[in-house]
Amino acid sequence: MPKEITTLLTFFGGTGDLAKRKLYPSTYNLFKKGFLQEHFAIIGTARQDLTTDEFRELVRTSIADFTEDQANAEEFVSHFYYIRLDIPDKTGYADMLALNNELDAKYDLKGNRIFYMSVAPRFFGTVAKYLKSENLLTENGEFNRLMIEKPFGSSYDTAEELQNELSEAFDESQIYRIDHYLGKEMVQNIAAVRFGNPLFDAAWNKDYIENIQVTLSEVLGVEERAGYYDTAGALRDMIQNHTMQVIGWLAMEKPASFNDKEIRAAKNAAFDSLKIYNTPEEVAANFVRGQYGESADGSQKKYLDEMDVPADSQNNTYVAGKLQFDMPRWEGVPFYIRSGKRLAAKSTRVDIVFKKGLNIFGEDVSLDNPVLSILIDPKGGIEFKINAKDITSAFATRMINLDWQVSDEDKAVTPEPYERMIHDAMNGDGSNFADWNGVGTAWKFVDAIQAAWDAKKESFPNYVSGSMGPVAADELLAKDGNEWVFKG
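Note that the structure is predicted; figures quoted are calculated from it, not measured.

1. So, the packing of helix α9 (residues 226–251) against helix α10 (residues 260–272)
Helix packing geometry: the angle between the two helix axes and the distance between the axes.
Next up, step 1: Axis separation between α9 and α10 bottoms out at 9 Å; the angle between their running directions is 100°. In terms of orientation, α9 and α10 fall into the roughly perpendicular class. The segment α9 lies against α10, with Met244, Gly248, Trp249 and Ala251 engaging Ile263, Lys267, Ala270 and Phe271.
Next up, step 2: Classifying every residue of the contact of α9 with α10 by side-chain character gives 6 nonpolar, 1 polar and 1 charged.

If you want it as structure tokens, here you go:
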């Protein structure tokens, strides 16, 4: 039986879509696995007028698909409580404090408290301020922790402002910034593959690696998100957070030990060495933006014709770029990234392109670059393409693929990202959460790119829906003598 985690968990935005679809089922899975047993309580809070019984019915409905044992589910639901709260209204926090103290005594929670903010970002600082000023943070417990959904700001300046607000109430070690990509099974496999195999650990550097590629491609368009997406684009929506956090695992030095303090230190050493493109010329040389047009068969409309998109929008729905790290390990090694909507295939993957070996076989025999691919979504797996002998009478080589895929049996028992994130926060493990240094560096990086793009009008659309993006993205790699591994 797992060791029980004792805590009071409060969900701000407790009646929202994320809570119902992800947070309550994830918490229920932790209960079924024994991480939550008797000494826990969960508070949901929102502006809706609900009784605790009505709230429990909402939770019951949200976990219905995961309920095999009804008695077990009812025991779980009995630990839920509801309190109405208008976040900006300071007076409401007194009732929350009273409920916190009541539940702490009832379930012997030892003052351990986690506050999960699944609310609009403009409320993050307000919640933190009132948690502190209205005495909801305990001094007698083992921990007070704050979990925050993205986005963490919309620029470096807004992110820094939010960071300063949170720092008035919480130390950096108490803040858990959620990027659910870091909770994905195959993202977490990057560390296992890289550091768990001497073959890759020894070769994870400029001497053996030609380039590294990260692809986050989507087949869907903007759908009904134009109100948000047209102010963010692929650069802010996918590059600043998800892509950069994956890059952290790929570019970091080997940590002294595998704990959150050392892992964050290693990632930050890499982020601190990231070259920021501060001039329009540097941005133009290293980054490409795109906006999707119609599909070749006319079945998909262009971005500018999507609902609620301004007819003259300069928003990017595609980004490709080259990252460079000023550190001995990666001298001269480009990290290529790309993300976009309306592409040929849905895929999140990492491709590590190794250098070609010394050819001792003669000029009639060609060698290709070995490639290690970590497949994250939609199917998890690992592929390793290597040179091997071809089946011919004369000596020749061909590429073969060593392939492993996550089995259906493994998928069935793999924790969902939110389950992992909640569990890790309960355990005080910040390894798979973004820290301020990484977030701040990512914002400085994308802000410089966005500023250059804002100053120059682009001719859109510049790629066909159903393709893999603008031709300029292929040319970006071709300038270095490289090409994208994943063709769609």
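Now that the structure is up, let's keep going.
2. Side note on unusual backbone geometry
Next up, step 1: Going from Asp377 to Pro378, the amide bond is cis rather than trans, its omega being -5°.
Next up, step 2: With respect to the helices and strands, Pro378 occurs in the loop between β13 (371–377) and β14 (381–389).
Next up, step 3: In this model, Asp108 sits at a positive phi of 55°, which is unusual for a non-glycine residue.
Next up, step 4: Mapped onto the fold, Asp108 is located in the loop between α4 (92–107) and β4 (113–117).
Next up, step 5: On the basis of relative accessibility, which here comes to 38%, the residue Asp108 falls in the partly exposed class.

3. Some thoughts on the UniProt feature "domain: Glucose-6-phosphate dehydrogenase C-terminal" (unreviewed entry) in the protein
Next up, step 1: In the numbering used here, UniProt assigns the "domain: Glucose-6-phosphate dehydrogenase C-terminal" (unreviewed entry) feature to residues 192–484.
Next up, step 2: Counting secondary structure, residues 192–484 comes out at 34% helix and 22% strand; the distance between its end C-alpha atoms is 25 Å.

4. A closer look at the environment of Ile175
Next up, step 1: Note that Ile175 resides in strand β6 (residues 175–177).
Next up, step 2: Owing to a relative accessible area of 0%, Ile175 belongs among the buried residues under this scheme.
Next up, step 3: Once the C-alpha coordinates of Ile175 and Asn144 are considered, the two residues, 31 residues apart in sequence, prove to be 9.2 Å apart.
Next up, step 4: When residues no more than four places from it in sequence are discounted, the contact partners of Ile175 are Leu146, Ile148, Leu166, Phe170 and Arg264.

5. Regarding the packing of aromatic side chains
Next up, step 1: A full pass over the atoms with the stated rule returns 30 aromatic pairs.
Next up, step 2: Note on Tyr81 and Tyr107: the rings are 6.3 Å apart at their centroids and 65° apart in plane angle, and the pair reads as edge-to-face. Taken together, the positions of Tyr81 in strand β3 (residues 80–84) and Tyr107 in helix α4 put the pair 26 residues apart, joining distant regions of the chain. Each of the two residues, Tyr81 as well as Tyr107, counts as buried.
Next up, step 3: Geometrically, the ring pair formed by Tyr292 and Tyr303 is edge-to-face, given 5.7 Å between the ring centres and 80° between the ring planes. Of the two residues, Tyr292 is situated in strand β9 (residues 292–295) and Tyr303 in the loop between β9 and β10 (318–323); the sequence distance between them amounts to 11 residues. No difference in accessibility class separates Tyr292 from Tyr303, as the two residues are buried.
Next up, step 4: Through a chain of ring-to-ring contacts, the aromatic side chains of Phe11, Tyr24, Tyr28, Phe31, Phe40, Phe55, Phe76, Phe80, Tyr82 and Tyr116 assemble into a single cluster.
Next up, step 5: Over the aromatic face of Trp484 sits the side chain of Arg338, whose NZ or CZ is 4.0 Å from the ring centroid.
Next up, step 6: Here the basic side chain of Arg342 rests over the ring of Tyr292, its NZ or CZ set 5.7 Å away from the ring centre.

6. Remarks on the sheet that holds strand β2 (residues 40–46)
Next up, step 1: Pairing is parallel across the open sheet formed by 6 strands, whose spatial order is β3-β2-β1-β4-β5-β6. Two strands bound the open sheet, and with one partner strand each, they are β3 and β6. Between one strand axis and the next, the sheet turns by 20° as a mean value, whatever way the strands run.
Next up, step 2: Judged from the 5 bridges that link them, β4 and strand β5 (residues 144–148) form a sheet pairing that is parallel. Residue pairing across strands places Tyr116 opposite Met147, the latter belonging to β5.

7. Digging into empty space enclosed by the protein
Next up, step 1: Overall, the coordinates contain 2 cavities of 30 Å³ or more when judged by the stated rule.
Next up, step 2: In this model, the largest cavity occupies a volume close to 140 Å³.
Next up, step 3: Taken together, 13 residues line the largest cavity, and the ones lying closest to its centre are Lys150, Phe152, Ile178, Asn241 and Val439.
Next up, step 4: Going through the elements one at a time, α9 and α14 (436–454) are the ones with two or more residues in the lining of the largest cavity.
Next up, step 5: Looking at the lining of the largest cavity element by element, the count peaks at 3 residues for α9.
Next up, step 6: In this model, the second largest cavity occupies a volume close to 70 Å³.

8. Focus on the side chain of Gln291
Next up, step 1: For Gln291, the position within the fold is in the loop between β8 (287–290) and β9.
Next up, step 2: Within polar-contact distance, the side chain of Gln291 engages the backbone oxygen of Ser313 at 3.2 Å.
Next up, step 3: For Gln291, the side chain forms a polar contact with the main-chain oxygen of Asn315, separated by 2.9 Å.

9. Comments concerning the pairing of β2
Next up, step 1: The element β2 is largely enclosed, with a buried count of 7 among its 7 residues.
Next up, step 2: Residues Phe40, Ile42, Gly44 and Ala46 of β2 are buried on one face, and the alternating residues Ala41, Ile43 and Thr45, pointing to the opposite face, are buried as well.
Next up, step 3: Each parallel crossover has a hand, and for strand β1 (residues 7–12) linked through helix α1 (residues 17–32) to β2 it is right-handed.
Next up, step 4: Direction of pairing for β2 relative to β3: parallel, over a ladder of 5 bridges. When the sheet's bridge partners are listed, Gly44 is paired in β3 with Tyr82.

10. Digging into a nonpolar patch on the surface
Next up, step 1: Nonpolar side chains collect at one region of the surface, where Leu358, Ile360, Phe361 and Phe395 lie side by side and expose about 490 Å² of accessible area between them.
Next up, step 2: Inspection of the secondary structure puts Phe361 in the loop between β12 (347–354) and β13.
Next up, step 3: Judged by relative accessible area, Phe361 falls into the partly exposed class, the value being 39%.

11. A word on a negative patch on the surface
Next up, step 1: Among the surface-exposed residues, Asp157, Glu160, Glu161, Glu165 and Glu168 lie close enough to one another that they form a single negatively charged patch.
Next up, step 2: Looking at the element boundaries, Glu168 is found in the loop between α6 (156–167) and β6.
Next up, step 3: The class for Glu168 is exposed, based on a relative accessible area of 64%.

12. Let's talk about α1
Residue pairs three or four apart in sequence face the same way in an α-helix, which turns once every 3.6 residues.
Next up, step 1: Over its 16 residues, α1 runs 22 Å from end to end, which matches the ideal 22 Å to within 8%, given 1.5 Å per residue.
Next up, step 2: Of all bends in α1, the biggest is about 35°, found at Leu23, and the proline Pro25 comes one to four residues later.
Next up, step 3: Every buried residue belonging to α1 is among Leu18, Ala19, Leu23, Tyr24, Pro25, Ser26, Thr27, Tyr28, Asn29, Leu30 and Phe31, and all of these are buried.
Next up, step 4: Looking at the residues trailing α1, positive phi occurs at Gly34, about 95°.

The rules behind these values
Residues numbered from 1 in each chain as written. Predicted model: local features only at pLDDT ≥ 70, side-chain atom pairs only at ≥ 80, totals over all residues. Heavy atoms only, no water. Axes fitted to C-alpha atoms, helices over the stretch in contact; angles between N-to-C directions. Helix = DSSP H or I, 4+ residues; strand = E, 2+ residues; numbered from the N terminus. Parallel < 35°, antiparallel > 145°, perpendicular 65-115°, else oblique. Contact = heavy atoms within 4.5 Å. Nonpolar A, V, L, I, M, F, W, Y, C, P; charged D, E, K, R; others polar. Buried < 20%, exposed > 50% of the residue type's maximum accessible area, 1.4 Å probe, protein only. UniProt positions renumbered as here; feature names shortened; annotations may be inferred. Phe/Tyr/Trp six-rings, centres within 6.5 Å; stacked < 30°, edge-to-face > 60°. Lys NZ or Arg CZ within 6 Å of the ring centre and 35° of its normal. Pairing = 2+ DSSP bridges. 1 Å grid on protein atoms, 1.4 Å probe; cavity = no way out; pocket = protein on both sides within 12 Å on 5 of 7 lines; lining within 4 Å. Points joined across faces, edges and corners; volume = space filled by probe spheres on them. Polar contact = N/O pair within 3.5 Å; in protein donor to acceptor, adjacent residues only side chain to side chain. Right-handed = clockwise from strand over helix to strand, strands pointing away. Patch = residues over 30% accessible without salt bridge, like charges linked within 9 Å, V, L, I, M, F, W, Y side chains within 5 Å. Areas by Shrake-Rupley, 256 points an atom, 1.4 Å probe, with all protein chains shown as cover. Salt bridge = Lys/Arg side-chain N within 4 Å of Asp/Glu carboxyl O. Lys, Arg positive; Asp, Glu negative; His and termini not counted. Charge placed at Lys NZ, Arg CZ, Asp CG, Glu CD. Expected span 1.5 Å × (residues − 1). Bend = angle between axes of the 7 residues up to and from the residue.

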